[in-house]
Amino acid sequence: MNVLFRSQDYDYHTLLKVAEMAGLAGIIGFHPAGDDYLLTFPDDENTEQTVADYKARLRGLENNIWNF
């Protein structure tokens, strides 16, 4: 499954940090898509849940950074 993230919303290092936090470093593929980033998640029976968990962690990190 491919998910596009806009560079206006997240930078590469934030996306990579969340992958590390979720234990997905080396499992998720990171690809440039113009100025944006295309993340490739492995296709299996849990792909949708993995993507949802990744997005939730990304929002959680964003909230932790901006709520101080």
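Up top you'll find the structure we're talking about.
What counts and how
Residues numbered from 1 in each chain as written. Predicted model: local features only at pLDDT ≥ 70, side-chain atom pairs only at ≥ 80, totals over all residues. Heavy atoms only, no water. Helix = DSSP H or I, 4+ residues; strand = E, 2+ residues; numbered from the N terminus. Rg over C-alpha atoms; globule rule 2.2 N^0.38 Å. Pairing = 2+ DSSP bridges. Axes fitted to C-alpha atoms, helices over the stretch in contact; angles between N-to-C directions. Phe/Tyr/Trp six-rings, centres within 6.5 Å; stacked < 30°, edge-to-face > 60°. Buried < 20%, exposed > 50% of the residue type's maximum accessible area, 1.4 Å probe, protein only.

Engineer: Please explain the overall build of the protein as it appears in this structure.
Structural biologist: Helix and strand counts for the protein stand at two helices and three strands. Ordered by position in the sequence, the α and β elements of the protein form the string β-α-β-β-α. In terms of overall dimensions, the protein is globule-like: its C-alpha atoms have a radius of gyration of 12 Å, near the 11 Å expected for 68 residues. Its C-alpha atoms give the protein principal-axis dimensions of about 40 × 25 × 15 Å.

Engineer: Would you take a moment to explain the sheet that holds strand β3 (residues 36-40) for this structure?
Structural biologist: Whether parallel or antiparallel, the strands of a sheet pair through hydrogen bonds between backbone atoms. Judged by pairing direction, the sheet is antiparallel, and its three strands sit side by side in the order β1-β3-β2 without closing on themselves. Every interior strand has two partners, whereas the edge strands, β1 (2-5) and β2 (29-33), have only one. Averaged over all neighbouring strand pairs, the angle between strand axes comes to 25 degrees, with direction disregarded. Looking at chain direction, β2 and β3 are connected through five bridges and run antiparallel. Opposite Ala-33, over in β3, you have Asp-36 as the bridge partner.

Engineer: Got a minute to help me understand the packing of aromatic side chains in this structure?
Structural biologist: A ring pair, where both rings are aromatic, is described by two values, the distance of the centres and the angle of the planes. Within the structure shown, the criterion is met by five aromatic pairs. An angle of 75 degrees between the planes, with centres 6.1 Å apart, marks the rings of Phe-5 and Tyr-10 as edge-to-face. Taken as a pair, Phe-5 and Tyr-10 share a single burial class, namely buried. Geometrically, the ring pair formed by Tyr-12 and Phe-30 is edge-to-face, given 5.7 Å between the ring centres and 75 degrees between the ring planes. Linking Tyr-12 in helix α1 (residues 12-21) with Phe-30 in strand β2, this pair joins segments that are 18 residues apart in sequence. Using a relative accessible area of 32% as the deciding quantity, one classes Tyr-12 as partly exposed.

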